[in-house]
Amino acid sequence: MDPKDVEKMLVRCRHCNRFEYWAEMRWRHGFCFCRKCYKAVYESETGKLYEWDDLDGPTPSAEEIAAATETEKAYAAIGRG
Ligand SMILES: [Zn+2]
């Protein structure tokens, strides 16, 4: 798979159930979070505002989310979701 495709690949965040770019997922305590959840976890743990801008940037578009949802359905249909 092309590295560009991997960056654009969407995964569902287990915490908020929203799609996020795979390349933008963040790890904390062995768990994988989307940018929104990561920021919320960081801020609730530290009691400080997340002050860096690395969580900004493009978020998945409606078209990308629709395509990922279709892929997910296709996998579910063959029992590999
Ligand atoms: Zn999330």
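Check the entry above for the structure.
Residues numbered from 1 in each chain as written. Predicted model: local features only at pLDDT ≥ 70, side-chain atom pairs only at ≥ 80, totals over all residues.

Description of helix α2 (residues 35-46)
We count it as follows: To qualify as a helix, a DSSP run of H or I must reach at least 4 residues; to qualify as a strand, a run of E must reach at least 2; elements of each kind are numbered from the N terminus. Here a helix's expected span is defined as the number of its residues, less one, multiplied by 1.5 Å. Using C-beta atoms placed from the backbone, we call a residue buried if 20 or more other C-beta atoms fall within 10 Å of its own, exposed if 12 or fewer do, and partly exposed for counts in between. Taken from the helix axis, the directions to the C-beta atoms give the arc we talk about. Note on contacts: residues are paired as contacts if their backbone-placed C-beta atoms lie within 7 Å.
Its twelve residues place the ends of α2 16 Å apart at the C-alpha level, agreeing with the 16 Å of an ideal helix rising 1.5 Å per residue. Of the residues making up α2, those classed as buried are Arg35, Cys37 and Tyr38. Angular distribution of buried residues about the axis of α2 spans 160°; they occupy a single face of the element. Exposed and oriented more than 90 degrees from the buried face of α2 are Glu43 and Ser44. Structurally, α2 contributes buried residues whose contacts are with β2 (19-21), β3 (26-28) and β4 (31-33). Directly after α2, the chain includes Gly47, whose backbone phi takes a positive value near 70°.

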